Every structure is written in C-alpha cells, then in structure tokens.
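A closer look at the structure
Listed below, chain by chain, are the residues.
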Amino acid sequence: MENVKVIIWGLGAMGGGMADMLLTKKGIEIVGVAGRGKKIGTSMYDYIKTEKGDRPDVIIQAAEDVIKPGAADIVLLCTDSFTKNAFPKLKFILEQGINVITSAEEMSYPAAQNPDLAAELDKIAKENGVSVLGTGINPGHIMDTLVLLMTGCLVDVQEITSRRVNSLSPFGPAVMEEQGIGISVEEFKERKANHTMAGHVGFAESVGLMAEGLGLKVCEFSQDMNPIVTDVDRKSPYGFAAAGTCAGVAMTAEAVLDNGMKIHMDHPQQIEPEQVGVTTGDYVIIKGTPNVNLLNSPEIEGGLGTIAMCVNMIPQVINAEPGLKTMIDLPIPRALMGDVRDRICPEKKIVK
C-alpha cells in the first residue's frame, strides 16, 4: 500500500505543528499545503520547525490548486473555530471526495449550535463517500471524551464536573483574539455585552457530546465568562498582556440533562499562568457509583494536545463509514507509533 497522503490547509501554529508531527511518522506523507497571501509559492519548511533536509519540497498553494479529487486521503483543516466559518471549506473538501479532520472547536459537535449545517455536512460527506470529524484537546478529548470514558466503569452517573486549568501560550493569533489577550477590562466587558467576546469555544459542544454519549438530552444550558486580569506583563509566542489588561478568560457553564443530572464546566485559561503561580491541570470529577476523582497536573498542553488529536485520529476517520462523525462515533484515540499504513483498511484508501 502507498503511503497515507495528507494535505494541510492552514499552516499556522496548529497546522505547522501537525506538519512537524507527520514528518516523524512512518507510512504517511504530506503531499500538499493550502494557504493564502504571501505564503503562496513558498516552501512549507519556511514555516515549520523541521528542516527540509533531503525531503522533497512542499510548496504552499491556493486551496483550489492543491485540493482536488484523488489528491490525498485526508485534509487537516486548521483555519477556523466556528462551524459557520469552516463550513464552506469543509464543503469544498468533501465535494472533492476527500476525508477531513478539522480543529474547529464547534465542529466537535456541530449539532449543538448549528444543527442545519451539521445535517448538511453529513449529507455532503455521505454523497461523496467520505467522512468529516472535528476534534482537538478541548473540545474533543479532555473535557468531554475523557469524561465519557471514565463513566464507562460506573454503574450510574449522578453529577459531572469537568475542569481544565490551562495555558493559552502555545496557541496562535486567532486564539489570542478569541480570548481577549491584552485588551482592557472595559473592552472585555463591552465585547461580552455585545457577544463579540468569544472566550472558550466549545462548552455547548462538549455538553452535547457528553449528553448524547450518556443517552440523554440537554434541557438547560448557560455559560458565563469573566476576565483574568494580570498584575504583571506577560508575553507568549503569539500574545502579550500588559499589567492591568486581560491575560485570559475564566469560563464556566452549567447544564441540566433530561433526567435531572447536572454538568458543571469550569475552564480558566490564560497566557503564562506559571508566571503568577497558577498550577495547570485537568480534572474529571464524577458523582456516581463509584465516584471518580481524576487529576492530571500539569495540564496536557493545549497546542500539542490538539496537534496530536488531529493527527492520531487520521486512521479512524479514513476507516469510518461516510458521514459527519464525532468522537463517540469512532474508535478511541491513541498514538500513532507504528507504520500508519497498518492502521488503514485498504478498501478505504483514496490514493491507491
């Protein structure tokens, strides 16, 4: 079998990291990169950590010039956070008959807020015989899939608290903007009031995924956000917060499911938390039979986790039946350590 062929659309912090990871794996190769603006016509290796060495060059092209029928087995789309923004790109990829994994947070469970677009993507994917998945570290793993995994050893579940205290430092400019890094408290409040302050994207999706995974429905859902104000200057690779400005956002959400069960989501995230003595960590706290109190500290780094989730789910998506998929539809995520080709069903491979 030929190598599994991958195209990356969007070579920012996440897409570039995926390229670096893919280049360490056996049986898989990057056959194209889609970009825009000044990156078009330049080498992929100009924007990633891995040196070209004796590898064949990969020149960045416009999406329509690189994403064509039969060009790859899968596209990794790393350009958006919201389903409505990612939809035209996803539609284009699927119509070329190519599978796709996107890091867009809302795509982890698009039916939560965009049921019509979710249904349309499912229809397009099935018509073209391919699959689409949205995933990442959160949503996609830590605050939802991991929670569901832990419920698998419980007799019953009464209440869930999913908490992630994390650093935003590894993420790129889009996330810095979404989280309001460096803006004033007044601007934060204004953006919150007029609904232009995104904060964490994905609580509704995580709750929806968990509810479906438990065989329940969401009856009530609300979320809130507050600024994390820094008293010292903080600088990350893609963001800067001067003392007195916002270094992050503390997000919370509350949900009630149709059996009365409550889900609590708690997610303070900021750049350079260690600089002010904040210890990061991931927590799964479940009241049930038996109880679960799971802690991992420090956190799974968000950037690396998202990169790994998107790359590690490649075989599961290629092997899946056509349609829109979520993490509860596919085999569990695990690291790609051997020859990737050994994980692919030959009849599912697009590029023979």
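All of the points below concern the structure found in this document. It should be emphasised that the depicted structure is a prediction, and the values quoted were computed from it without experimental measurement. (Residues numbered from 1 in each chain as written. Predicted model: local features only at pLDDT ≥ 70, side-chain atom pairs only at ≥ 80, totals over all residues. Heavy atoms only, no water.)

**Topic: the overall build of the protein chain**
- Within the protein chain, the secondary structure is distributed over ten helices and 15 strands.
- Here the protein chain has a C-alpha radius of gyration of 20 Å; the compact-globule value for 352 residues is 20 Å, and the two agree.
- Its C-alpha atoms give the protein chain principal-axis dimensions of roughly 50 × 50 × 35 Å.
- Relative to its 352 residues, the protein chain shows a buried fraction of 54%.
- Within the protein chain, counting contacts between residues at least 6 apart in sequence, those at least 24 apart form 73% of the total.
- Across the protein chain, the centroid of the 32 positively charged side chains sits 4 Å from that of the 45 negatively charged ones. (Helix = DSSP H or I, 4+ residues; strand = E, 2+ residues; numbered from the N terminus. Rg over C-alpha atoms; globule rule 2.2 N^0.38 Å. Buried < 20%, exposed > 50% of the residue type's maximum accessible area, 1.4 Å probe, protein only. Contact = heavy atoms within 4.5 Å. Lys, Arg positive; Asp, Glu negative; His and termini not counted. Charge placed at Lys NZ, Arg CZ, Asp CG, Glu CD.)

**Thoughts on the packing of helix α1 (residues 13-22) against helix α9 (residues 302-312)**
- Between α1 and α9, the shortest axis-to-axis distance is 9 Å and the interhelical angle comes to 60 degrees. If you check the angle between α1 and α9, you find them oblique. Like other packed secondary-structure pairs, α1 and α9 cross with a definite hand, here right-handed. Along its contact with α1, which presents Ala13, Met14, Gly17, Met18, Met21 and Leu22, the element α9 presents Gly303, Thr306, Ile307, Ala308, Cys310, Val311 and Asn312.
- Here the contact of α1 with α9 is composed, by residue class, of nine nonpolar, four polar and no charged. (Axes fitted to C-alpha atoms, helices over the stretch in contact; angles between N-to-C directions. Parallel < 35°, antiparallel > 145°, perpendicular 65-115°, else oblique. Left-handed = near helix turned anticlockwise from the far one by under 90°. Nonpolar A, V, L, I, M, F, W, Y, C, P; charged D, E, K, R; others polar.)

**A few points about the state of the cysteines**
- One pass over the full model with this rule turns up zero disulfides.
- The structure places no disulfide on Cys78, whose sulfur is separated from the nearest cysteine sulfur, that of Cys310, by 6.0 Å.
- Judged by relative accessible area, Cys78 falls into the buried class, the value being 15%. (Disulfide = S-S within 2.5 Å.)

**Remarks on the sheet that holds strand β13 (residues 281-289)**
- Spatially, six strands are ordered β8-β11-β12-β7-β13-β14 in an open sheet, and the strand pairing comes out mixed. Each edge of the open sheet is held by one strand with a lone partner, namely β8 (218-229) and β14 (292-296). The sheet shows a mean angle of 10 degrees between the axes of neighbouring strands, taken without regard to direction.
- Sheet strands touched by helix α7 (residues 185-193): β8 and β11 (246-257). Its angle to β8, the strand with the most contacts, is close to 165 degrees.
- Docked against the sheet, helix α8 (residues 203-213) engages β8, β11 and β12 (262-270), running at close to 145 degrees with respect to β12. (Pairing = 2+ DSSP bridges.)

**Focus: the environment of Pro290**
- Looking at where Pro290 falls in the secondary structure, it is placed in the loop between β13 and β14.
- Taking the C-alpha atoms as reference points, Pro290 and Gly199, 91 residues apart in sequence, are found 34 Å from one another.
- With residues up to four places along the chain from it excluded, the contact list for Pro290 reads Cys153 and Leu154.

**A closer look at the pattern of salt bridges**
- Counting across every chain of the model gives 15 salt bridges.
- Residue Arg191 is joined to Glu177 by a salt bridge in which the shortest nitrogen-to-oxygen separation is 3.3 Å. On the criterion of sequence distance, the pair formed by Arg191 in helix α7 and Glu177 in helix α6 (residues 173-178) is long-range, its members being 14 residues apart.
- Two residues, Arg341 and Asp339, come together in a salt bridge whose shortest N-O distance is 2.7 Å.
- Through salt bridges with shared partners, one network takes in Glu2, Lys5 and Glu29. (Salt bridge = Lys/Arg side-chain N within 4 Å of Asp/Glu carboxyl O.)

**Some details on α1**
- Most of α1 is tucked away: nine of the ten residues are buried.
- Taken together, the buried residues of α1 touch β1 (4-9), β2 (28-34), β4 (74-77), α9 and α10 (314-319).

None of the figures reported here should be taken as evidence of function without further support.
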